[in-house]
Every structure is written in structure tokens, then in C-alpha cells.
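# A structural walkthrough
Here's the letter readout for the chains.
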Amino acid sequence: MLLKKDELPILIKDLKKLYPKTKTALNYGSAFQLLCAVILSAQCTDARVNMVTPKLFAKYPDAKTMSHASLQEIETIIKSTGFYHAKAKSLSETSKALFEQYQGEVPADMQKLLKLRGVARKTANVVLQDFYGIAEGVVVDTHVKRLSYRIGLSKNSEPLKIERDLMKLLDKKYWHWISHALIWHGRGICHARGPKCEQCPLASYCPKNGVKTK
């Protein structure tokens, strides 16, 4: 069941009350560091990534230094984030590409970002929105995917299709904010298992698609 058209403004208003200002939970000091952190966040919590990146960025703060690091050195630091072989390769190859092609700078361009190893639309959108203030799409992570279906913003299950649905449904000025609002709501209230519907301000009109009742 999709959210009724006249309920969308109510949803935005209620979410705005809960999350008036939102940003990524990842810690970073540059576009390069944010890019690395998002790559590491795949199949991993932001909290875990934030435990790993201080050591990683202290040793390799930019694309130049990380491009010269060995895979084993990177793997040793990021091992606890999971899938560390693939992630280390992504960090290494992306760093080399940035250093060789863009003088170590992260391009503020979707198509250029998507050519980097380990970067899909979710990662590119986070970097563009949170660092450069450019909204070309909507970040769709596991929380946004789950809540978009539960709340009735999309009937799709593929991230790209969900992103397109949200972009059609919402004014562009909300694209950056909505993803973080849904992420924070997913972490705090609308959990994957045992969502706290009795505490949720959206409960009166939320279709609760896929929510298991006791």
C-alpha cells in the first residue's frame, strides 16, 4: 500500500519535527576521507567505521599517501569492517585514480565518481550531498530501502528504482534531508526487527507494509 498523496505533506512535516537538521553519522575531514568512510560502511555500521577511520586517516590522510600504501597495510587497519579484501582494493585503486587523474581531489561529478572502484550511486550521492552540497539523487541504504516500503513511499525493492520513486515524489530541496531523516528514524524507531510503532509519530497514517505484528 502506498502513502496517500494528501498524507505526504504530513509525513514531511512530522519528520521535520523529529529531524530538522540531519547529516551523515560518519566522521571525516575531507571529501576524500568521506569517500573512504562510505566505501567502508558497506555491510558495516557507521559506528564501526568511525572506530577504524581515525587510525586509517592518521596514516593515510589523502589520496596521495593512500595510493602508495600496500593492500596488506590497508587490510590490517580496516579488517574489522568486514569484506576487507575487497574494500582495501577499492580504497587502493580509488586513491590511485584520484591521485593520477584528479590531482588527489574528489570530483564533484556523479559520472566521474561512478567510475571509481567501490563507488555506486549511494556512495556518490553521500559525497556530493554531504560534502559538496549537490543533490543529484537520494541516498538509498538499508534503512531508506526498508522505510520507503514500510511507509509507502515506494513499492520497489531495488535501490535504483526506490531512488527514482523518491525523486519523483519529493521536491529536490528534500532529496538530501529525506535520506538522513529516514536513516535516523530507522535506527531509532523503525528497526528492521521489532519496530517501535507504538512510539512512532507517523503510526497513524503509516501503512506499515511488511511489519510483522505479534
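In this report, the structure presented in the accompanying data block is examined. For clarity, every value in this text was computed on a predicted model and none was experimentally measured. (Residues numbered from 1 in each chain as written. Predicted model: local features only at pLDDT ≥ 70, side-chain atom pairs only at ≥ 80, totals over all residues. Heavy atoms only, no water.)

Among the residues of helix H1 (residues 8-18), Leu8, Leu11, Ile12, Asp14 and Leu15 are the ones counted as buried. The arc that holds every buried residue of H1, seen down its axis, measures 170°, which confines them to one face. Away from the buried face of H1 by more than 90 degrees, exposed residues Pro9, Lys13 and Lys17 are located. Lining the buried residues of H1 we find helix H9 (142-151), helix H10 (159-169) and helix H11 (175-188). (Buried < 20%, exposed > 50% of the residue type's maximum accessible area, 1.4 Å probe, protein only. Helix = DSSP H or I, 4+ residues; strand = E, 2+ residues; numbered from the N terminus. Arc of directions from axis to C-beta. Contact = heavy atoms within 4.5 Å.)

Moving on, we get to the side chain of serine 154. Structurally, serine 154 can be placed in the loop between H9 and H10. A relative accessible area of 2% means that serine 154 is categorised as buried. A polar contact of 2.6 Å, which involves the side chain of serine 154, links it to the side chain of aspartate 165. (Polar contact = N/O pair within 3.5 Å; in protein donor to acceptor, adjacent residues only side chain to side chain.)

Regarding H10, the residues found buried are Ile162, Glu163 and Leu166. Projected onto a plane normal to the axis of H10, the buried residues spread over an arc of 100° and lie on a single side. Contacts made by the buried residues of H10 are with helix H8 (121-130), H9 and H11.

In this section: the packing of helix H5 (residues 71-78) against helix H6 (residues 84-101). Two elements in contact, H5 and H6, have axes whose closest approach is 9 Å; the angle formed by their N-to-C orientations is 125°. On the basis of their axis angle, the class for H5 and H6 is oblique. Here the hand of the crossing between H5 and H6 comes out right-handed. Seen from H5, the contacting residues are Leu71, Ile74, Glu75 and Ile78; seen from H6, they are Tyr84, His85, Lys87, Ala88, Lys89, Leu91 and Ser92. (Axes fitted to C-alpha atoms, helices over the stretch in contact; angles between N-to-C directions. Parallel < 35°, antiparallel > 145°, perpendicular 65-115°, else oblique. Left-handed = near helix turned anticlockwise from the far one by under 90°.)

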